[in-house]
Amino acid sequence: MKKPEDYRKELKIYNSLTGTKEIFTPLVPGHVGMYVCGPTVYNHVHLGNVRTFVSFDVIYRYFKHLGFKVRYVRNITDAGHLEDDSDEDKISKKARLEKTEPMEIVQKYTVDFHRILDKMNNLPPSIEPTATGHIIEQIEATKAILEKGLAYEVNGSVYFDVIKYNKEVDRYGKLSGRKIEELIARTRELEGQEEKRNPQDFALWKRAKPQHIMRWPSPWGEGFPGWHLECTVMSTKYLGEQFDIHGGGMDLKFPHHECEIAQGKALSGKDPVRYWMHANMLTMNGKKMSKSTGNTLLPEEIFSGNNDKLTKAYSPAVVRFFFLMAQYRNVLDLSEEALESAEKGLKRLWEAYGKIDKIPQTGRDGFDVEKWRDSLYEAMNDDFNTPVTLARMFEGAKAVNKITSGEGGLSHESKALLKKTFKEFMFDIFGLPESRIEGEENKNLDGVIRVLIALRNEARKQKNWELSDKIRDELAALGIKLKDGKEGTEYEIQ
Ligand code: AMP
Ligand code: ZN
């Protein structure tokens with residue numbers, strides 16, 4: 001039987017740079033270097049942002065499952081991300097409006113971001129560097145690009161010379177497919193544009209105006225780094241001049257990632273990234289979820305049900321399952337029907353998993369577990385195709401239901417493999433938390449919940465509805481849902 005490592009050489013990844021699916025060949029055999037653009041921490045992350053981070057979490061988990069040694073770097077943008085049509089960065093602006101320290105804004109939303117991703121059961125990255133922690137490296141990179149003659153200084157700001165790069169080094173626009181002539185024609189006249197030689201040149205370093213709170217000394221006077229530069233500096237510092245995978249949302253392809261390629265190549269002469277991966281957008285009512293247009297739903301709003309877009313609450317596990325129902329490269333639209341089907345689907349898989357132990361042990365197998373397991377790897381190896389993998393897991397669930405309702409059985413080995421495979425795909429790869437309490441460490445919690453159920457039953461017998469409802473509601477608020485059935489009260493942890 002094949003081990004997870006044996007499936008490595010069949011893994012195909014869609015590379016945005018070449019526009020094709022390629023067999024994944026890491027730079028260093030057995031190792032993966034992966035960088036994903038993190039959030040700009042000036043606001044709460046919305047569900048769209050969360051979708052992108054869950055997509056890359058599943059990719060990270062799958063690499064690990066296949067036995068790769070992965071270094072996953074995801075940054076925190078806490079400086080340098082300019083507000084559209086302005087010369088001020090988003091965090092600095094928010095701090096000015098709220099009359100507080102920029103670092104207080106950064107702290108608040110970084111903590112919030114981590115809390116949400118924890119709830120979503122995302123694994124933390126191996127390194128989470130911040131832009132403000134790498135100002136020196138960004139100044140050094142700006143100096144080096146200036147020395148190569150691919151940037152110029154004007155009034156304390158330094159700009160990357162796109163035209164010169166395009167002529168002397170490599171084609172600017174090769175990731176996004178944009179043509180430089182069109183870019184020149186299309187670039188809007190933004191504030192500060194008059195300093196640039198060409199409108200599509202971008203800032204490596206910006207001079208800070210007097211009202212700009214976030215500022216650092218540099219050879220060009222006080223200022224702050226450009227947003228694109230932080231990702232170049234932090235990815236190459238921790239992963240090398242060239243690394244395997246760079247990810248982010250589709251909307252970052254241009255200009256952010258295009259600029260990263262140009263900066264990286266200007267610095268080292270090499271293409272910094274082997275595989276560019278872009279996660280597609282979450283939409284709502286067919287439109288991109290976005291803070292600025294108000295077409296947005298916050299994670300807490302969906303978990304609590306406290307919103308005017310849906311009729312009820314959905315747990316983080318259901319939301320995660322909902323994300324997996326589309327491949328990361330496809331658009332996914334959020335709707336009540338889709339969430340409801342995710343809720344049902346998740347329940348169906350959990351229930352099937354719970355029934356595996358009850359499968360009768362026989363000599364002859366009624367279901368080819370090994371072939372089924374192989375089909376799951378095949379789907380994941382096809383550019384992390386989670387919807388096809390889920391569809392095949394449902395086939396597994398169907399087989400479990402059929403066998404436990406009296407049709408045949410499984411050998412000891414097949415039963416063990418079925419359970420192991422379910423567990424690995426549901427929990428390790430998809431990161432869907434277990435619904436039931438399992439394991440020694442949770443025996444106490446199980447006991448406590450059963451005591452509370454007994455007390456609630458006592459209260460109901462005495463017609464003390466106030467107390468019985470209170471027990472049920474407070475447990476529900478903790479994500480423990482009581483379900484009254486014919487055989488007594490059971491519970492489910494969400
Ligand atoms: P930001 O904090 O704006 O830099 O966004 C963080 C990440 O979320 C980036 O990778 C974006 O591409 C991604 N993102 C933003 N909006 C959406 C959306 N509606 N759906 C999926 N990903 C998104
Ligand atoms: Zn980035």
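Residues numbered from 1 in each chain as written. Chains lettered and ligands numbered in written order. Predicted model: local features only at pLDDT ≥ 70, side-chain atom pairs only at ≥ 80, totals over all residues. Heavy atoms only, no water.

As for the overall build of the protein
Turning to step 1, where the next piece is worked out: Within the protein, the regular secondary structure consists of 16 helices and 15 strands.
Turning to step 2, where the next piece is worked out: Over its C-alpha trace the protein gives a radius of gyration of 26 Å, about what one expects of a compact globule, namely 23 Å for 494 residues.
Turning to step 3, where the next piece is worked out: Along the first, second and third principal axes, the C-alpha set of the protein runs to 80 × 55 × 40 Å.
Turning to step 4, where the next piece is worked out: Taking as baseline every contact in the protein between residues at least 6 positions apart, the subset at least 24 positions apart corresponds to 74%. (Helix = DSSP H or I, 4+ residues; strand = E, 2+ residues; numbered from the N terminus. Rg over C-alpha atoms; globule rule 2.2 N^0.38 Å. Contact = heavy atoms within 4.5 Å.)

Quick look at the site of ligand 1
Turning to step 1, where the next piece is worked out: Surveying the vicinity of ligand 1 reveals 16 residues, the closest of which are G48, T52, D251, L282 and M289.
Turning to step 2, where the next piece is worked out: Within the backbone of G48, a nitrogen or oxygen atom sits 3.0 Å from a nitrogen atom of ligand 1.
Turning to step 3, where the next piece is worked out: Between ligand 1 and G249, the relevant distance is 3.0 Å, taken from an oxygen atom to a main-chain nitrogen or oxygen of the residue.
Turning to step 4, where the next piece is worked out: Burial of ligand 1 by the protein chains amounts to 91% of its free accessible area of 490 Å².
Turning to step 5, where the next piece is worked out: Broken down by secondary-structure element, the contributors of at least two residues to the shell around ligand 1 are α1 (47–65) and β9 (243–249).
Turning to step 6, where the next piece is worked out: With four residues, the top contributor of residues to the shell around ligand 1 is α1. (Near = heavy atom within 4 Å. Polar contact = N/O pair within 3.5 Å; in protein donor to acceptor, adjacent residues only side chain to side chain. Areas by Shrake-Rupley, 256 points an atom, 1.4 Å probe, with all protein chains shown as cover.)

Thoughts on the domain arrangement of the protein
Turning to step 1, where the next piece is worked out: Domains assigned within the protein are domain 1 (11–279), domain 2 (283–429) and domain 3 (441–493).
Turning to step 2, where the next piece is worked out: Summarising the inter-unit geometry, the C-alpha centres of domain 2 and domain 3 are found 27 Å apart. (Domains from an automatic or database assignment.)

Brief notes about the environment of E336
Turning to step 1, where the next piece is worked out: Looking at the secondary structure, you find E336 in helix α11 (residues 336–355).
Turning to step 2, where the next piece is worked out: Taking the C-alpha atoms as reference, E336 lies 33 Å from H246; in sequence the two are 90 residues apart.
Turning to step 3, where the next piece is worked out: When residues no more than four places from it in sequence are discounted, the contact partners of E336 are K309, L310, T311, K312 and Y314.
Turning to step 4, where the next piece is worked out: One polar contact links E336 to Y314, side chain to side chain, over a distance of 2.6 Å.

Regarding the nonpolar core
Turning to step 1, where the next piece is worked out: The biggest cluster of nonpolar side chains holds 130 residues, and the ones touching the most others in it are F63 and F422.
Turning to step 2, where the next piece is worked out: If you tally residues by element for this core, the top one is α1, at ten residues.
Turning to step 3, where the next piece is worked out: Composition of this core by domain shows at least three residues from each of domain 1 (11–279) and domain 2 (283–429).
Turning to step 4, where the next piece is worked out: Among all residues touching F63, those that are not within four sequence positions of it are L11, I13, F24, V32, M34, F68, V70, I245 and F384. (Core = buried A, V, L, I, M, F, W, Y, C linked by side-chain atoms within 4.5 Å. Buried < 20%, exposed > 50% of the residue type's maximum accessible area, 1.4 Å probe, protein only.)

As for the packing of aromatic side chains
Turning to step 1, where the next piece is worked out: Tallied over the full model, the rule gives 21 aromatic pairs.
Turning to step 2, where the next piece is worked out: Look at Y62 and F384: their rings are 6.0 Å apart centre to centre, the planes differ by 90 degrees, and that puts the pair in the edge-to-face class. One end of the pair, Y62, is in helix α1; the other, F384, is in the loop between α12 (369–381) and α13 (386–404), and 322 residues separate them in sequence. You'll find Y62 and F384 in the same group, each marked buried.
Turning to step 3, where the next piece is worked out: Both rings, one in Y353 and one in F422, keep their centres 6.4 Å apart while their planes meet at 40 degrees; by these two values the pair is tilted. One end of the pair, Y353, is in helix α11; the other, F422, is in helix α14 (residues 412–429), with 69 residues separating them in the sequence. The same class applies to Y353 as to F422, namely buried.
Turning to step 4, where the next piece is worked out: Through a chain of ring-to-ring contacts, the aromatic side chains of F24, Y62, F63, F68, Y275, Y328 and F384 assemble into a single cluster.
Turning to step 5, where the next piece is worked out: We note R8 situated over the ring of F68; from NZ or CZ to the ring centre the distance is 4.7 Å.
Turning to step 6, where the next piece is worked out: The ring of F53 has R74 sitting right over it, with the charged end atom 5.6 Å from the ring centre. (Phe/Tyr/Trp six-rings, centres within 6.5 Å; stacked < 30°, edge-to-face > 60°. Lys NZ or Arg CZ within 6 Å of the ring centre and 35° of its normal.)

Concerning α14
Turn by turn, an α-helix covers 3.6 residues, leaving residues three or four places apart pointing in a common direction.
Turning to step 1, where the next piece is worked out: For α14, built from 18 residues, the straight-helix expectation of 26 Å at 1.5 Å per residue is met to within 8% by its first-to-last C-alpha distance of 24 Å.
Turning to step 2, where the next piece is worked out: Three or more residues of α14 are buried, namely S414, K415, L417, L418, T421, F422, E424, F425, M426, F427 and I429.
Turning to step 3, where the next piece is worked out: Elements that come into contact with the buried residues of α14 comprise α1, α11, α12 and α13.
Turning to step 4, where the next piece is worked out: Of the residues one or two after α14, G431 is the one with positive phi, at around 70 degrees. (Expected span 1.5 Å × (residues − 1).)

Focus on the coordination of the zinc ion (ligand 2)
Think of it this way: four donors in a tetrahedron around the metal ideally sit 109.5 degrees apart, and six in an octahedron ideally sit 90 or 180 degrees apart.
Turning to step 1, where the next piece is worked out: The coordination sphere of the zinc ion (ligand 2) contains the protein donors C37 (SG), C231 (SG) and H256 (NE2), at a distance range of 2.0 to 2.2 Å.
Turning to step 2, where the next piece is worked out: All donors to the zinc ion (ligand 2) come from one chain, and their sequence spacing reads C-x193-C-x24-H. Highlighted residues: C37 in the loop between β3 (31–36) and α1 and H256 in helix α8 (residues 253–268), separated in sequence by 219 residues.
Turning to step 3, where the next piece is worked out: Using a relative accessible area of 5% as the deciding quantity, one classes C37 as buried. (Donors = N, O, S within 2.8 Å, 3.2 Å for Na, K, Ca; no water.)

Focus on the sheet that holds strand β11 (residues 282–284)
Turning to step 1, where the next piece is worked out: Across the sheet, which stays open at both edges, the three strands sit in the order β12-β11-β13 with mixed pairing between neighbours. Both outer strands of the open sheet, β12 (287–288) and β13 (332–334), are each paired with one neighbouring strand and no more.
Turning to step 2, where the next piece is worked out: Both β11 and β12 contribute to a ladder of two bridges, which runs antiparallel. Across the sheet, T283 pairs through a bridge with K288, a residue of β12. (Pairing = 2+ DSSP bridges.)

Details of the packing of α1 against α14
Helix-helix packing: each pair is described by the crossing angle between the helix axes and the interaxial distance.
Turning to step 1, where the next piece is worked out: The contact between α1 and α14 brings their axes to 9 Å, and the two run at 135 degrees. Considered as vectors, α1 and α14 are oriented oblique to each other. Between α1 and α14, the residues in contact are V58, R61, Y62 and H65 and E424, F427, D428 and I429, respectively.
Turning to step 2, where the next piece is worked out: The residue makeup of the contact of α1 with α14, split by class, is four nonpolar, one polar and three charged. (Axes fitted to C-alpha atoms, helices over the stretch in contact; angles between N-to-C directions. Parallel < 35°, antiparallel > 145°, perpendicular 65-115°, else oblique. Nonpolar A, V, L, I, M, F, W, Y, C, P; charged D, E, K, R; others polar.)

Brief notes about the side chain of T386
Turning to step 1, where the next piece is worked out: By the element assignment, T386 lies in helix α13.
Turning to step 2, where the next piece is worked out: The exposure class of T386 is buried, given its relative accessible area of 6%.
Turning to step 3, where the next piece is worked out: Within the structure, T386 has its side chain in polar contact with the backbone oxygen of L324 (distance 2.8 Å).
Turning to step 4, where the next piece is worked out: Here A326 takes part through its backbone oxygen, which lies 3.3 Å from a polar atom of the side chain of T386.

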